[in-house]
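# Structural overview for review
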Amino acid sequence: MPHREINPYEAMQASLRVASELYGLDDALFKVFMAPTRSMIVSLPVLMDNGQWEVFTGYRVQHNLTRGPAKGGIRYDMNVTLDEVKAMAAWMTWKTAVVDVPFGGGKGGIVCDPNRLSIGEKERLTRRYIAEIMDIIGPDRDVPAQDMGTDAQTMAWVLDTYNMHVRRTENAVVTGKPLGLGGSLGRNEATGRGVLITAREAMQRLGKPLAGATVAIQGFGNVGSQAARLMHEAGARIVAVCDLKGAIRNDRGLDVHALLKHHLETGTVTGLKGAEPMDPAELLTLAVDILVPAATENQITDENAPQVRAKVIVEGANGPTTPEADAILLEHRVLVVPDILANAGGVTVSYFEWVQNRQGFYWREREVNERLVDYMTHAFQATFATTDKYKTNPRIGAYILALDRVAQAMKYRGFYA
Ligand code: NAD
């Protein structure tokens, strides 16, 4: 079961420590990477629909800016903490380096329950948050995007608030925007498509095709639902899915198109005709070829890892596996495609969106998808080449690949004192 008490920043630091030792990272650089460059905490008074004011807490963290402006989503969730945002900002540093796009790592979050906010409250909260963090964001400083609890509409408010303050159109300030505001074709499904591409590569490493493979997916939001659709279209059999309200299964394969329609209409996967309800905790230990955690952190822990029977885990979510669970999965020969590689499709197409905004020249969907396949397969191959070279697991391999790229850039720049 979820272990909220496991500190995700400490989990990030644990992997960083192992990777740094194996790579032989300079001590000074290790110290730099262990702490974010900048953390901002803001208090956000918002007028609620009932006429009362409520004050929310928001964060924006920039972990490392050596390779480019910070890049990272904004999360709306009751469990947001400064350490969670710091962890996700650091993962963005490593993720952007793994896929080799010219960004650093950033992340933001507001402690709130997005499902209990009216649309007007959510808009006012978003605008106040952006006004408060105005000084540290911008197309060349820090470029937010969506994450859990935020969507293209939220990004449109981010764009508008920023543009009203700077008094000009700067649509490269945020990615994941609606198409009509300079969003990119293919962005909405990009993280799910990245999961598909890396799952296919991972199966190939095991000498098996993706077509016919069985898949269980935890979380049915942007990442989980798009991964389900794309993997189904690629011939895989989606046998179980879940969300916060419950889990469903059909061992012969769920009717994914009916599931997407049902989810759109009801807001949940539960209650789908032709599927049986199941215990959501059991989904993580089903005997499937591929398990895709696409919900939140700390879902595969030392408690349930020994029971995991998937051959491959493709981490759609950020930080779904604790370091202790990682060690158990390695021992059980489960191939884990780590988050900083598996879910990097989103930031890759965010990069494409930022490039298109700055060029003022928009690409066809086919071009976006082809370029995404190119970036993701390169990143996959580079990660596994590093993993093999250092005789380690793919997570540490991905960290070493990223560390190497960020450390090289830092050495060129030197320390400004
Ligand atoms: P989302 O808000 O669209 O969906 C989250 C889904 O997970 C919902 O279906 C929710 O009900 C479910 N969920 C949440 N907690 C759960 C739990 N404990 N058990 C079961 N289901 C649970 O969020 P998203 O954008 O799909 O993001 C999901 C994960 O992927 C997050 O870790 C996020 O950081 C990561 N991620 C997202 C993107 C992106 O482009 N959206 C990119 C990279 C990584």
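Counting of residues starts from 1 at the beginning of each chain's written sequence and follows it residue by residue. Confidence filtering applies because this is a predicted model: local features only for residues at pLDDT of at least 70, side-chain atom pairs given and counted only at 80 or more, and all residues used for totals across whole chains, interfaces and linings. Heavy atoms throughout the structure, all of them, feed into the side-chain values; hydrogens and water do not.

## As for the overall build of the protein chain
To keep things clear, this is the line we draw: Labels follow the DSSP assignment, with helices taken as runs of H or I lasting at least four residues and strands as runs of E lasting at least two, numbered in each case from the N terminus. Only C-alpha atoms enter the radius of gyration, while the globule expectation follows 2.2 Å times N to the 0.38, with N the number of residues. Exposed residues in this analysis have more than 50% of their type's maximum accessible area, buried residues have under 20%, and partly exposed residues fall in between, with area computed by a 1.4 Å probe over protein chains only. Contact criterion: two residues are considered in contact whenever any of their non-hydrogen atoms come within 4.5 Å of each other. The accessible surface values rely on the Shrake-Rupley method and a 1.4 Å probe; as for residues, cover is taken only from the protein chains in view. Only four residue types enter the tally: Lys and Arg on the positive side, Asp and Glu on the negative side; His and the chain ends are excluded. Charged groups are reduced to one reference atom each: NZ for lysine, CZ for arginine, CG for aspartic acid, CD for glutamic acid.
Check the secondary structure of the protein chain and you find 14 helices and 12 strands. The C-alpha atoms of the protein chain give a radius of gyration of 20 Å, which matches the 22 Å a tight globule of 417 residues would have. Judged by the C-alpha coordinates and their principal axes, the protein chain covers about 55 × 55 × 45 Å. Counting over 417 residues, the protein chain shows a buried share of 61%. A separation threshold of at least 6 residues defines the contact pool for the protein chain, and within that pool the share at least 24 residues apart is 69%. Roughly 17,200 Å² of accessible area belongs to the protein chain as shown, and the carbon and sulfur atoms make up 50% of that amount. Measuring between centres, the 45 positive side-chain charges of the protein chain sit 5 Å from its 48 negative side-chain charges.

## Quick notes on the sheet that holds strand S10 (residues 290–293)
Note the following rule: Only strands joined by at least two bridges in the DSSP assignment are considered to pair. A fitted line through C-alpha atoms represents every axis, and for helices the fit uses only the stretch in contact; the resulting angles, taken between N-to-C directions, go from 0 to 180 degrees.
Read across the sheet, seven strands follow the order S9-S8-S7-S6-S10-S11-S12 without closing on themselves; strand pairing throughout is mixed. Of all the strands in the sheet, just strand S9 (276–278) and strand S12 (335–337) have a single pairing partner and so form its edges. Averaged over all pairs of adjacent strands, the angle between their axes in this sheet comes to 20 degrees, without regard to strand direction. Relative to strand S11 (residues 312–314), S10 runs parallel, the two sharing two bridges. Directly across from Leu-291, in S11, lies its bridge partner Ile-313.

## Observations concerning helix H3 (residues 82–98)
Because each turn of an α-helix spans 3.6 residues, side chains separated by three or four positions end up pointing in the same direction. Spelled out, the test is: Expected span of a helix: the number of residues minus one, times 1.5 Å.
Compared with the 24 Å implied by 1.5 Å per residue over 17 residues, the 24 Å span of H3 between its first and last C-alpha is a close match. Burial analysis of H3 places 15 of its 17 residues in the buried class, which makes it a mostly covered element. Following H3 by one or two positions, Asp-100 has its phi on the positive side, about 60 degrees.

## Observations concerning the nonpolar core
Heads up, the rule is: Nonpolar core, defined: a set of buried Ala, Val, Leu, Ile, Met, Phe, Trp, Tyr and Cys residues in which side-chain atoms within 4.5 Å join the residues together. Segmentation of the chain into domains, including their bounds, is taken from an automatic or database domain assignment.
The biggest cluster of nonpolar side chains holds 84 residues, and the ones touching the most others in it are Trp-94, Met-231 and Ile-290. Here this core takes 10 residues from helix H14 (residues 394–413), the largest share from any one element. For this core, the two domains that each supply at least three residues are domain 1 (36–171) and domain 2 (190–342). Residues in contact with Ile-290, not counting those within four places in the same chain, are Ala-199, Met-203, Leu-210, Ala-213, Thr-214, Val-215, Ala-216, Met-231, Val-312 and Val-314. Among the nonpolar cores identified, the runner-up in size contains 24 residues, and Val-42, Val-46, Tyr-76 and Val-173 belong to it.

## Some words on the side chain of Asn-7
Rules: Polar contacts, as used here, are pairs of N or O atoms within 3.5 Å; protein pairs need one atom able to donate a hydrogen and one able to accept it. Residues neighboring in sequence count only if both atoms are side-chain atoms.
Checked against the element boundaries, Asn-7 lands in the segment before helix H1 (8–23). Among the polar contacts made by the side chain of Asn-7, one reaches the side chain of Asp-83 at a distance of 2.7 Å.

## Observations concerning the domain arrangement of the protein chain
Here is the rule: Here's the idea: put two parts together, see how much 1.4 Å probe accessible area each one loses, and the total over both is what we call buried area.
Splitting the protein chain by domain gives domain 1 (36–171) and domain 2 (190–342). Between the C-alpha centres of domain 1 and domain 2 there is a distance of 27 Å. Opposite the 10 residues of domain 1 that make contact, domain 2 presents eight residues. Across the domain 1 to domain 2 interface the summed buried area is about 790 Å²; carbon plus sulfur atoms make up 57%. When the buried surface of domain 1 facing domain 2 is broken down by residue, Trp-91, Lys-95 and Val-98 rank first, second and third, together holding 54% of it.

## A short note on the side chain of Lys-95
Test applied: Basic side-chain nitrogens of Lys or Arg form a salt bridge, by our definition, when they fall within 4 Å of a carboxyl oxygen of Asp or Glu.
Checked against the element boundaries, Lys-95 lands in helix H3. Buried and unpaired, Lys-95 has Asp-339 as its nearest opposite-charge partner, separated by 6.7 Å. There is a polar contact of 2.6 Å between the side chain of Lys-95 and the side chain of Asn-343. The residues contacting Lys-95, other than those within four sequence positions of it, are Asn-318, Asp-339, Ile-340, Asn-343, Ala-344 and Val-347.

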